[in-house]
Amino acid sequence: MPPILEVRRLRKQYADLMAVDDVSFSIPAGVCFGLLGPNGAGKTTTLEVIEGILKPTAGDILYKGQPRTAAFKNEIGIQFQHTALLAMLTVQETLQVFQSLYPAAEDLEHLVNRCQLGEFRHQRHENISGGQRQRFLLALALVNRPQLLFLDEPSTGLDPQARHNLWDVVNQIKADGKTIILTTHYMEEAQQLCDTVAIMDHGRIIAQGAPEALIRDHCEGVTVVLPRRRFTQAQGQPSLPYRIEGDTVRILPANIDDALRELMGLKIDLSEMTVQSPNLEHVFLNLTGRQLRE
Ligand code: ATP
């Protein structure tokens, strides 16, 4: 079976700026694919070209192995960062308006349950909280039973509880078999939701793969961090690989259990020790030397 979406050598130019510069990736059906990168990296432009909102300067986009046709827009769902809705309507009334636009719309109760809208379905949509609004916009994106769902920074501005709530909903939508393309600034979100991620910078993809594989390939592994003054009190010579950075010592052990045994054997006080696991943020920093959130 061909991938549900294939992007080949995509380019989008604005005057002198190549906002999307030779981007290629392919997405098998049923996975969640994340596009990551700092502000201005080209994530939204890439999504909007795929969605058919913007025309590409060059490149091909294949949906189920074929160029997109007019039917493509009926088979995708888009959760925009900003959406204008009819004023004065409740959440449920808005969903019903959207349902009436499609001949085979999703069942209302399914949408309410899937996106956890029950508590506020009869409230006017202008009055719901940020987290509730994101789940509501997700329900609107699902109205036409899309196979492919686009989520552009779905949890930006949400508090931690609302964000976790949204992740639960997105994971259930994934379990329904939908394919999801997501942009985010939050590395934890990408690690929670995405099977594959592409990291973009200056319009180009600079790394691509499963989050764990990227971390394995681009990071050093677990780091044990100790205050330097504790480390220098060791009773003996440590054999562990380490480097001194100002007042701290960073130990990069091959095996964390062996490292801790050795440190205890050297009678080093470990009360101020921290153990850092590498994550996607470290991958990004290692590849670009830039902060992911600007
Ligand atoms: P963010 O995380 O802020 O949403 P992004 O990765 O989605 O950023 P894009 O919005 O795709 O980035 O923008 C990529 C680049 O293209 C930026 O430099 C932006 O200023 C530029 N750009 C976007 N739209 C236009 C436009 N209509 N005309 C000119 N330049 C544009």
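Residues numbered from 1 in each chain as written. Predicted model: local features only at pLDDT ≥ 70, side-chain atom pairs only at ≥ 80, totals over all residues. Heavy atoms only, no water.

Section: the packing of helix α8 (residues 211–218) against helix α11 (residues 280–288)
Keep this limit in mind: Helix axes are fitted to C-alpha atoms over the stretch in contact, other axes to C-alpha atoms as well, and angles between N-to-C directions run from 0 to 180 degrees. Each helix corresponds to a stretch of at least 4 residues labelled H or I by DSSP, and each strand to a stretch of at least 2 residues labelled E; elements are numbered beginning at the N terminus. Oblique is the label for any angle not covered by the other classes, which are roughly parallel (under 35 degrees), roughly antiparallel (over 145) and roughly perpendicular (65 to 115). Note: crossing handedness is left-handed where the near helix turns anticlockwise from the far helix by less than a right angle, and right-handed where it turns clockwise. Contacts between residues were defined by any pair of non-hydrogen atoms, one from each residue, lying within 4.5 Å.
Contact pair α8 / α11: the axes reach a minimum separation of 9 Å and the direction vectors enclose 45°. Regarding the angle of α8 to α11, the classification is oblique. For α8 against α11, the interelement crossing comes out left-handed. Each of P211, L214, I215 and H218 in α8 lies in contact with α11, whose residues at this interface are L280, V283, N286 and L287.

What about the confidence of the model for the chain?
If pLDDT is low for a region, its predicted coordinates should not be looked at in detail. Rules: A residue's pLDDT is the confidence the predictor assigns to it, expressed on a 0 to 100 scale.
Counting all residues, the mean pLDDT for the chain is 91, and 98% of those residues have values of 70 or more. Averaged over each element, pLDDT in the chain is lowest for α11 (82) and highest for strand β1 (residues 5–14) (98).

Let's talk about the pairing of β1
Just so we agree on the cut-off: Note on pairing: DSSP must find at least two bridges between two strands before they are called paired.
Where β1 lies against strand β4 (residues 58–63), five bridges are found, and the strand directions are antiparallel. If you follow R11 over to β4, its bridge partner there is A58. Relative to strand β2 (residues 17–27), β1 runs antiparallel, the two sharing eight bridges. Pairing of V7 across the sheet is with F25, part of β2. Adjacent in sequence and paired antiparallel, β1 and β2 are bridged by two residues, among which A15 carries a positive phi angle near 45°.

So, helix α5 (residues 130–142)
Note the following rule: One less than the number of residues in a helix, times 1.5 Å, gives the span that helix is expected to have. To sort residues, take the accessible area from a 1.4 Å probe on protein chains only and compare it with the maximum for the residue type: under 20% means buried, over 50% means exposed, and anything in between is partly exposed.
With 13 residues, α5 extends 19 Å from end C-alpha to end C-alpha; this agrees with the ideal 18 Å at 1.5 Å per step. Burial within α5 is extensive, with 11 of its 13 residues counted as buried. Where α5 is concerned, the buried positions are G131, Q132, Q134, R135, F136, L137, L138, A139, L140, A141 and L142. Where α5 is buried, its residues touch β6 (76–79), α3 (91–99), α4 (108–114), β7 (148–152) and α6 (160–175).

Re α11
Heads up, the rule is: Directions are taken from the helix axis to each C-beta atom, and the arc is the one they span. Distance and chemistry together define a polar contact, namely a pair of N or O atoms within 3.5 Å, with one atom able to donate a hydrogen and the other to accept it when in protein, and with adjacent residues in sequence counting only for side-chain atoms on both sides.
Residues L280, E281, V283 and F284 constitute the buried set of α11. Along α11, the residues classed as buried sweep out an arc of 160° about the axis, all on the same side. The backbone nitrogen of E281 lies 2.9 Å from a side-chain oxygen of the residue at the head of α11, namely N279.

Side note on the sheet that holds β7
Taken together, six strands build an open sheet; the order of strands is β6-β7-β8-β3-β9-β10 and the sheet is mixed. Each edge of the open sheet carries a strand with a single partner, namely β6 and β10 (204–209). For this sheet, the mean angle separating the axes of adjacent strands, direction not counted, is 15°. Across the face of the sheet, helix α1 (residues 43–51) comes into contact with β3 (32–36), β6, β7, β8 (179–184) and β9 (196–201) while running at roughly 150° to β7. α11 rests against β3, β9 and β10 of the sheet, and its axis sits at about 35° to β9.

A word on the pattern of salt bridges
Between side chains of opposite charge, a pair can form as their charged atoms come close. Quick note on the threshold: By convention in these notes, a salt bridge is any Lys or Arg side-chain nitrogen within 4 Å of a carboxyl oxygen on Asp or Glu.
Scanning the model with the defined rule gives 16 salt bridges in all. With its nearest N and O atoms 3.4 Å apart, the salt bridge here joins K174 to D195. With a gap of 21 residues between them, K174 in helix α6 and D195 in the loop between α7 (187–193) and β9 connect regions that are remote in the sequence. R229 is the salt-bridge partner of E272, the closest N and O atoms lying 3.0 Å from each other. Here the residue E272 occupies a position in the loop between α10 (256–265) and β14 (274–276), and R229 occupies one in helix α9 (residues 228–231), the gap between them amounting to 43 residues. Residue classification places R229 among the partly exposed positions, given a relative accessible area of 47%. One network of salt bridges, in which partners are shared, links R229, R230, D269 and E272.

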